[in-house]
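What the coordinates show
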Amino acid sequence: MSLEQQLIERLQQLSPSHLEVVNESSGHGGYFPGKESHFKVIVVSEIFAGLRLVQRHQKIYAVAGDLLSPGKIHALAIHAFLPEEWQGQDTSSPNCAHAPKS
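Residue numbers restart at each chain and count upward from 1, following the sequence in its written direction. Local features are withheld for residues below a pLDDT of 70 in this predicted model, meaning they are given only at 70 or higher, and side-chain atom pairs are given and counted only at 80 or more; totals for whole chains, interfaces and linings count all residues. Just so you know, side-chain values use all the structure's heavy atoms and leave hydrogens and water out.

In the annotation of an unreviewed UniProt entry, the entry for the chain reads BolA family transcriptional regulator, and the organism field reads Acinetobacter johnsonii. UniProt positions are given in the numbering used here, feature names are shortened, and annotations may be inferred rather than shown by experiment. Of the comments in the UniProt record for the chain, the one headed Sequence similarities (unreviewed entry) reads "Belongs to the BolA/IbaG family."

Inspection of the secondary structure assignment puts Glu4 in helix 1 (residues 3-11). Taking the C-alpha atoms as reference points, Glu4 and Ser37, separated by 33 residues in sequence, lie 9.4 Å from one another. Apart from residues no more than four positions distant in its own chain, Glu4 is found in contact with Val21, Asn23, Glu36 and Phe39. Only DSSP runs of H or I covering at least 4 residues are called helices, and only runs of E covering at least 2 are called strands; the numbering of each starts at the N terminus. We call two residues in contact whenever any of their non-hydrogen atoms come within 4.5 Å of each other.

A few words now on the sheet that holds strand 1 (residues 18-23). Each pair of strands is called paired provided DSSP finds at least two bridges between the two strands. Here 3 strands make up an open sheet; going across it, the order is 1-2-3 and the pairing mixed. For this open sheet the edge positions go to strand 1 and strand 3 (75-81), each flanked by a neighbour on one side alone. With strand direction ignored, the average angle separating the axes of adjacent strands in the sheet is 10°. Contacts between helix 1 and the sheet are confined to strand 1, strand 2 (38-44) and strand 3, with strand 1 contributing the most and set at about 160° to the helix. Lines fitted to C-alpha atoms define the axes here, with helix axes fitted over just the stretch in contact, and angles between the N-to-C directions of these axes take values from 0 to 180 degrees. Contacts between helix 2 (residues 53-64) and the sheet are confined to strand 2 and strand 3, with strand 3 contributing the most and set at about 125° to the helix.

Moving on: the pattern of salt bridges. Just to be clear on terms, a salt bridge is a Lys or Arg side-chain nitrogen sitting within 4 Å of an Asp or Glu carboxyl oxygen. On inspection of all chains with the given rule, the structure shows 4 salt bridges. Residue Arg10 pairs with Asp66 through a salt bridge whose shortest N-O separation is 2.7 Å. On the criterion of sequence distance, the pair formed by Arg10 in helix 1 and Asp66 in the loop between helix 2 and strand 3 is long-range, its members being 56 residues apart. To sort residues, take the accessible area from a 1.4 Å probe on protein chains only and compare it with the maximum for the residue type: under 20% means buried, over 50% means exposed, and anything in between is partly exposed. Using a relative accessible area of 42% as the deciding quantity, one classes Asp66 as partly exposed. Here Glu85 makes a salt bridge to Arg56, at a shortest N to O gap of 2.7 Å.

So this is what it looks like as structure tokens:
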């Protein structure tokens, strides 16, 4: 099973009303087809109620667990929202300075 699919399955533990997992590996140095190293997640869940941003991130790190170990996911951009916070948020990612040039 791909790292992306494993990450999706684990994030389901947070009971998201909206979940996006984007493999952004192709925008980073050393990319080759099929590489899974850089991801962005957008998680919208009531489970974040009353939590500061760092606590929300800690919840996501906890469920991702060993997927964030060497040789697996190298970078994880996290956008964690309550449903009422999510609308209109910019979750675009900046370009990597080491991205492959076309």
